[in-house]
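A look at the structure
What follows is the residue order along each chain.
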Amino acid sequence: MRRLAVIPCLLLLLFSCSTFTASEGPAWTEEPPRYAGIVSIVGSGTGRDENEARAAAYRNVLDRVSSDLGIDAFSLYYRELLTTGTIADLSGRVTNTYLSPSADGVAYYALVEMPEDEYYRRRSDEYTASLERASTVDGYMAAALEEYKANRDTKTLENVLSALDLALSGSLADSAYTAEGLRDSAQAYLENIAISIGKRDGMEVELRMKRDKGLFHPSVVNGLIKAEYQKLTSDGRIVTSSVTLMTDRTGRVRFVPTDPYMLRKGVLRFSIAIPEDLISSIEEKAPDGFMDPIIALIGSSSIEYAYDAGEKAVDTVIAAAVYGEDGTVYDSPSYNLAFSSYLRSASASGFVVIQGSGEEEEEILGSLRAAFPGMRRYIVIRTGIVDSDSGAGREYVLTESQASIYEGYDDSPSEILHGAAAGGGATADEAGRAALESNARYMAGMLLSRL
């Protein structure tokens, strides 16, 4: 009887050695030990018996290795770890284990340790890049939140779109962000930005940008607004150009035209400014139509303002004299026509253009003042054909110009402008006409800001 009583007691003692719960077990099962230069990973698993639970724990360890290094650690190391308790490629080994009963049978804990430099050496370049992208995306989104708190909404939007651009460049390891989620976040920020027009005076206009959300609709600080307008090119074509404006702490900014080639009558278009190279980069990487909601929002949130500088009273007379290659004055209606057409295409007013006559500038100026007394400004343009050439069956002509601007009856010009232009044609006359017309448009463009 005594012997029978001892056996159950021994069994009880043996069993009790492995019946601690996880909270009663070694501290490392809850928190892996931290040593300088060592990576410590605790894996756990359950099974019907110790072998099955150990296999699950080792699989758990290798899942963590796969996540850390971006490799298929299970295929590479599972058999080795299970049979030898080591991972030779990473200089790793199982340094401790713990076994306890569980609701499923047996719970097994394994502590695997390996040198940090050996461990991360195995990380793939692609995975390293993926981790770096994820970290940078996280940084952009954290910065976006800080900018939003400071009411710098367009900077917020730029940060989110920068994160989206990076997310479309490759995978994001261990990141909660997706390209679709980032685009939707950008859309949500964009929907809340509104631009309105305040005071206006001819070509000048005051703008305000605010957040169209919340009780007080806070002003957008340092908000970027793209102002688009039409202008003339040097050859007389009308094109669209733009400048970027920045709001002050009250969310306001004033558009004041500074481009001398801007049309004096037209339509200004104001929209939320987003770096065009950033949008282009995203569109190149994203599927077709991916950015359509953003592009549509930028368009629908823009506003337009029709302006007219109005007609000015004539206060400037311009005399244009043309000289041949031999220095003699000759009549060139096409020069004056090209010159005047350019200015009128810009809706400029307040001037008269006539044919200049006289060998010297003083002579032309005297005739101007006599014919148009009391003008605020007199401009004398002298254009000459200075060279010609031929080649490949075509003729070429080079012209040069000088424009002298006189204020009232001052004897000396307040400003002198110079220009040159070339033209080609099948004949010398055709080439000369092309060169003079090009020269006229160029000089008109230079004088546009003075009119």
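Residues numbered from 1 in each chain as written. Predicted model: local features only at pLDDT ≥ 70, side-chain atom pairs only at ≥ 80, totals over all residues. Heavy atoms only, no water.

1. Quick look at the overall build of the chain
- Broken down by element type, the chain carries 12 helices and 16 strands.
- In terms of principal-axis extent, the alpha carbons of the chain reach across some 145 × 60 × 40 Å.
- The proportion of buried residues among the 451 residues of the chain is 42%.
- Here the analysis covers contacts within the chain between residues at least 6 apart in sequence; of these, 65% occur between residues at least 24 apart.
- Of the roughly 23000 Å² of accessible surface on the chain, 51% is carried by carbon and sulfur atoms.
- Side-chain charges of the chain comprise 43 positive and 66 negative groups, with the mean position of each set lying 8 Å from the other. (Helix = DSSP H or I, 4+ residues; strand = E, 2+ residues; numbered from the N terminus. Buried < 20%, exposed > 50% of the residue type's maximum accessible area, 1.4 Å probe, protein only. Contact = heavy atoms within 4.5 Å. Areas by Shrake-Rupley, 256 points an atom, 1.4 Å probe, with all protein chains shown as cover. Lys, Arg positive; Asp, Glu negative; His and termini not counted. Charge placed at Lys NZ, Arg CZ, Asp CG, Glu CD.)

2. Details of the nonpolar core
- Of all hydrophobic cores here, the largest spans 73 residues; its most connected members are Leu161, Leu268, Phe270, Phe339, Leu343 and Ile381.
- Discounting residues that sit within four places of it in the chain, Leu268 has contacts with Met203, Val205, Glu228, Tyr229, Phe255, Met262, Ile303, Glu304, Tyr305 and Tyr307.
- Of all hydrophobic cores here, the second largest spans 24 residues; its members include Val39, Tyr77, Val106 and Ala110. (Core = buried A, V, L, I, M, F, W, Y, C linked by side-chain atoms within 4.5 Å.)

3. Observations concerning the pairing of strand S14 (residues 377–391)
- Sheet topology places strand S12 (residues 316–323) next to S14; eight bridges connect them, and they run parallel. The residue bridging Tyr323 from the neighbouring strand is Gly384, located in S14.
- The pairing of S14 with strand S15 (residues 394–407) spans 14 bridges and is classified as antiparallel. Paired with Tyr378 across the bridge in S15 is Tyr406. (Pairing = 2+ DSSP bridges.)

4. Some remarks on the packing of helix H10 (residues 333–345) against helix H12 (residues 428–447)
- The contact between H10 and H12 brings their axes to 8 Å, and the two run at 35°. Between H10 and H12 the crossing geometry is right-handed. Each of Ser334, Tyr335, Ala338, Phe339, Tyr342 and Leu343 in H10 lies in contact with H12, whose residues at this interface are Arg433, Leu436, Glu437, Asn439, Ala440, Arg441, Met443, Ala444, Gly445 and Leu447.
- Broken down by class, the residue content of the contact of H10 with H12 amounts to 10 nonpolar, three polar and three charged. (Axes fitted to C-alpha atoms, helices over the stretch in contact; angles between N-to-C directions. Left-handed = near helix turned anticlockwise from the far one by under 90°. Nonpolar A, V, L, I, M, F, W, Y, C, P; charged D, E, K, R; others polar.)

5. Here's the deal with the packing of helix H6 (residues 153–167) against helix H7 (residues 179–191)
- At a minimum axis distance of 9 Å, the contact between H6 and H7 shows a crossing angle of 165°. Judged by the inter-axis angle, H6 sits roughly antiparallel to H7. At the point where H6 passes H7, the crossing takes the left-handed sense. Contacts between H6 and H7 involve Thr156, Leu157, Val160, Leu161, Ala163, Leu164 and Ala167 from the first element and Ala179, Leu182, Arg183, Ser185, Ala186, Tyr189 and Leu190 from the second. (Parallel < 35°, antiparallel > 145°, perpendicular 65-115°, else oblique.)

6. Some details on the sheet that holds S12
- As summarised here, the arrangement of the five strands in space is S13-S12-S14-S15-S16, forming an open sheet in which the pairing is mixed. Of all strands in the sheet, those with a lone pairing partner are strand S13 (351–355) and strand S16 (415–425), marking the two edges. Strand-to-strand, the axes of this sheet are offset by a mean angle of 20°, without reference to chain direction.
- On top of the sheet, helix H11 (residues 361–371) reaches S12, S13, S14 and S15; it is set at about 135° to S14, its chief contact.
- Against the sheet, H12 makes contact with S12, S14, S15 and S16, and its axis sits at roughly 150° relative to S16, the strand it touches most.

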